[in-house]
Amino acid sequence: LREIGAATALEMRATGLDWTFAPTLAVVRDDRWGRTYEGYSEDPRITARYAAAIVTGLQGAPGSVGHLTGDKIVATAKHYLGDGGTVGGRDQGDNIDDEADLVRLHAAGYPPAIEAGVRAVMASFSSWHGEKLHGHRYLLTTVLKERLGFTGFVVGDWNGHGQVRGCSNANCAAAFNAGIDMFMVPEDFAKLYENTLAQVRDGTISAARLDDAVRRILRVKKQSGLFEAGRPSTRPHAGRQDLLGAAAHRELARRAVRESLVLLKNERGLLPLSPKSRVLVAGPGANDISRQTGGWTLTWQGTGNSNADFPGTTSIYDGIRTAVTAARGSVELAIDGRFTQRPDVAIVVFGESPYAEFQGDIAHLQYESDNGPDLALLRSLKAAGIPVVSIFLSGRPLWVNPHLNASAAFVAAWLPGSEGAGIADVLFRGNDGRVAHDFRGRLSYSWPRRAD
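Scoring rules and cut-offs
Numbering of residues begins from 1 in every chain and follows the order in which that chain's sequence is written. Totals for whole chains, interfaces and linings use every residue, but because this is a predicted model, local features are given only for residues with pLDDT of at least 70 and side-chain atom pairs only at 80 or more, for both listing and counting. Values reported for side chains reflect all heavy atoms of the structure, with hydrogen atoms and water molecules removed beforehand. Note on geometry: axes are C-alpha line fits, over the in-contact stretch for helices, and angles between N-to-C directions span 0 to 180 degrees. In this text, helices come from DSSP runs of H or I with a minimum length of four residues, and strands from runs of E with a minimum of two, each type numbered from the N-terminal end. Any angle between 65 and 115 degrees counts as roughly perpendicular, while under 35 counts as roughly parallel, over 145 as roughly antiparallel, and the rest as oblique. For a crossing to be left-handed, the near helix must be turned anticlockwise from the far one by less than a right angle; the clockwise case is right-handed. The contact criterion used throughout is that any non-hydrogen atoms of two residues lie within 4.5 Å. Gly counts as polar in this scheme, as do all residues outside two lists: the nonpolar Ala, Val, Leu, Ile, Met, Phe, Trp, Tyr, Cys and Pro, and the charged Asp, Glu, Lys and Arg. For this analysis, a polar contact is any N or O atom pair within 3.5 Å, provided that within protein one partner can donate a hydrogen and the other can accept it, and provided that sequence-adjacent residues contribute only side-chain to side-chain pairs. By convention in this document, the label disulfide applies to cysteine sulfur atom pairs within 2.5 Å. We call a residue buried when its accessible area falls under 20% of the maximum for its residue type, exposed when it is over 50%, and partly exposed in between, using a 1.4 Å probe and counting protein chains only. If DSSP finds at least two bridges between two strands, the strands pair.

Observations concerning the packing of helix H1 (residues 2-15) against helix H2 (residues 44-59)
Move 1: At their nearest, the axes of H1 and H2 sit 7 Å apart, and the two run at 30 degrees to each other. Between H1 and H2, the interaxial angle falls into the category roughly parallel. The way H1 lies across H2 gives a crossing that is right-handed. Counted together, Arg2, Gly5, Ala6, Thr8 and Ala9 of H1 and Ala53, Ile54, Thr56, Gly57 and Leu58 of H2 form the full contact between these two elements.
Move 2: Of the residues assigned to the contact of H1 with H2, the class counts are 5 nonpolar, 4 polar and 1 charged.

What about the side chain of Lys145?
Move 1: Residue placement: Lys145 occurs in helix H5 (residues 137-147).
Move 2: A distance of 2.9 Å separates a polar side-chain atom of Lys145 from the backbone oxygen of Gly179.
Move 3: Polar contacts involving the side chain of Lys145 include one to the side chain of Asp181, which spans 2.9 Å.
Move 4: Apart from the residues within four sequence positions on either side, Lys145 is in contact with Leu140, Phe150, Val154, Gly179, Asp181, Arg209, Asp212 and Arg216.

So, the state of the cysteines
Move 1: Tallied over the full model, the rule gives 1 disulfide.
Move 2: Here Cys167 is linked by a disulfide to Cys172, with a sulfur-sulfur distance of 2.2 Å. Across the S-S bond of Cys167 and Cys172 the torsion is about 70 degrees, and the bridge reads as right-handed. Each member of the pair, Cys167 together with Cys172, is buried.

Quick notes on the sheet that holds strand E10 (residues 345-351)
Move 1: Here we have 6 strands laid out as an open sheet, ordered E7-E12-E11-E10-E8-E9, and mixed in their pairing. Looking at which strands have only one partner, the edges of the open sheet turn out to be strand E7 (262-266) and strand E9 (330-333). Pairs of neighbouring strands in the sheet enclose a mean axial angle of 20 degrees, with direction left out of account.
Move 2: Of the pairings in the sheet, the one linking strand E11 (residues 388-393) to strand E12 (residues 409-414) comprises 5 bridges and is parallel in character.

Structure representation (structure tokens):
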């Protein structure tokens, strides 16, 4: 996680950006939520351990040379607080846990992130017992700033202040008084500025609260060297195209793919496969990088993208083809599974289509109905006597018992991103017959026993 954070920071610096809205520290307790994949785990211990590592990777260690400057950027812990525990997994919904569970579960990542020096915290769209977090003075000020000693600034989410009772996108003293230091207001900023200024002048917002917000923002700007940095185009690494998708970063991403794959089934030790085999690659996700990357990729929901929009990346099929042809095996790509030459094994790649916030919410965890096309493909290959290796792409665990039953081996591959070759690294033995990379991944989210 530290290495991933460092590579991310360097690539962002090349684009001229010096502040990221990451990491997401939601402890997700209902996988129907469309932002499940943004969190690290349902287990607060995992989230706490990862929080400090990713913040350190992005920002550097407090007090170290280059902290928040040079190769590093400002990180944001989000979404504070309880967004992973809303009723029904509803995006921007209501968390009704008691305060003990709010501390034990949902706040677990914040003390380690603050100790690691995170400079920004983003307020959540969600509510706690019906009160929107953007207007929750107790949680934003009493808990976060006073008890936890957070000295950075609190930024709102996209027009989140406008959801506070009595507020609009252009007028919300309540959110500012609750502890929001910087509004995220994309369209109504001019009017919001005028209203906030008037509210300071008439005493609705105190000078002390204004000073606190300004002080926090200026502190982070100073700590990150912004006043001395010059224009983005003049800073170190600016415009360094060679840093975007650099070979070392791609290798790190490929390693992350290998280490996150979870083997859920392996009948009679089918995996790892010999690369000298005759391999069929099938399924809608086999050669679709958009499915590999999921939401928040190039577009908001991750939709409308083609493989051509991802230069330099490898699809899962690309990785398999390279591994098999290097060993003088044979490989055939047939998305629908209709092969021209009978294979020794079929690798079928399927799973969720891309989605992000709001649109990703679902009513239940069943992946597809019993007459779904992906299940039909698996069953047809199994009926033909061909061993099936399923590669399941998803942003969350889903109920796939029929698909497991139709597969000889089943891999939860999550959203592997740009480096599909990382999957072939684990599926196949090396040319010498040895296992170069074994399955190491473990579930950080429990797998559903039932669709409900």
